[in-house]
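Chains, contacts and geometry: an overview
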Amino acid sequence: MKYIISFFSVFFLFGCSKDDSAGSRVFMSEDLVVLGNPSIIGEPAGTPEDPSFIRISGNIDSQSGLDLTGLKVRVRVLGENSAVLGISENACTPAAIAPRGSCTFLSAIALVNVDFKDSQSIEITPVCDQGTGTLRLIPVIWPDS
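Keep in mind it's a predicted model, so treat the numbers as computed, not measured.

Here the chain averages 86 in pLDDT, and 83% of its residues register 70 or above. When pLDDT is averaged over each helix and strand of the chain, the minimum, 48, is found for helix α1 (residues 2–16) and the maximum, 98, for strand β3 (residues 72–78). Under a pLDDT of 50 for its full length, residues 7–22 has, in the predicted model, eight contacts with residues more than four places off or in other chains.

Here it is, written out as structure tokens:
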């Protein structure tokens, strides 16, 4: 009888344990990150009245064990002394991902009365309905034309 009880105890212990390899069930900022090196392209103003643009695209990756919804990216273009030159917030594709999924983003930031070459860094922050991801600051050095 005691062998049967021991067997059921061990069976219950292993049978009810759960492998949670999909990640945390609580959202943390380090669970949502910008992957690799995003593409950054500067576009000069077409005429003096038009703004110049910076276009940024890349991938966002989730290490979370949660389904994430409302995915978007916030981008700030910073100039000298971290002055804000432009801001954009855009939805990601897809806007909802399964645990450990990824999505893409594309942002175009208008820089009114500023040349894109005045930018010195770009701040990218992934955001979802569950919380704010890890901010990524990317220094930019534009080649001389």
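Moving on, there is more to tell.
Attention now goes to the environment of isoleucine 54. With respect to the helices, strands and loops of the structure, isoleucine 54 is situated in strand β2 (residues 52–62). By relative accessible area, which is 0% here, isoleucine 54 ends up buried. Setting aside chain neighbours within four positions, we find isoleucine 54 in contact with Ile40, Ile41, Gly42, Val77, Ser107, Ala108, Ile109, Leu111, Phe116, Ser119, Ile122 and Trp142.

What the three strands build is an open sheet, ordered β1-β2-β5; its pairing is antiparallel. If you trace the sheet from one side to the other, it starts and ends with β1 (32–43) and β5 (102–111), each paired once. Across the sheet, the axes of successive neighbouring strands diverge by a mean angle of 20 degrees, strand direction being ignored. Direction of pairing for β1 relative to β2: antiparallel, over a ladder of nine bridges. Each bridged residue has a counterpart across the sheet, and for glycine 42 the counterpart in β2 is isoleucine 54.

This next bit is on the environment of lysine 117. Relative to the helices and strands, lysine 117 resides in the loop between β5 and β6 (121–128). Judged by its relative accessible area of 31%, lysine 117 falls in the partly exposed class. Along the chain, lysine 117 and serine 52 lie 65 residues apart, while their C-alpha atoms are 9.4 Å from each other.

Definitions and cut-offs
Residues numbered from 1 in each chain as written. Predicted model: local features only at pLDDT ≥ 70, side-chain atom pairs only at ≥ 80, totals over all residues. Heavy atoms only, no water. pLDDT = per-residue confidence, 0-100. Helix = DSSP H or I, 4+ residues; strand = E, 2+ residues; numbered from the N terminus. Contact = heavy atoms within 4.5 Å. Buried < 20%, exposed > 50% of the residue type's maximum accessible area, 1.4 Å probe, protein only. Pairing = 2+ DSSP bridges. Axes fitted to C-alpha atoms, helices over the stretch in contact; angles between N-to-C directions.

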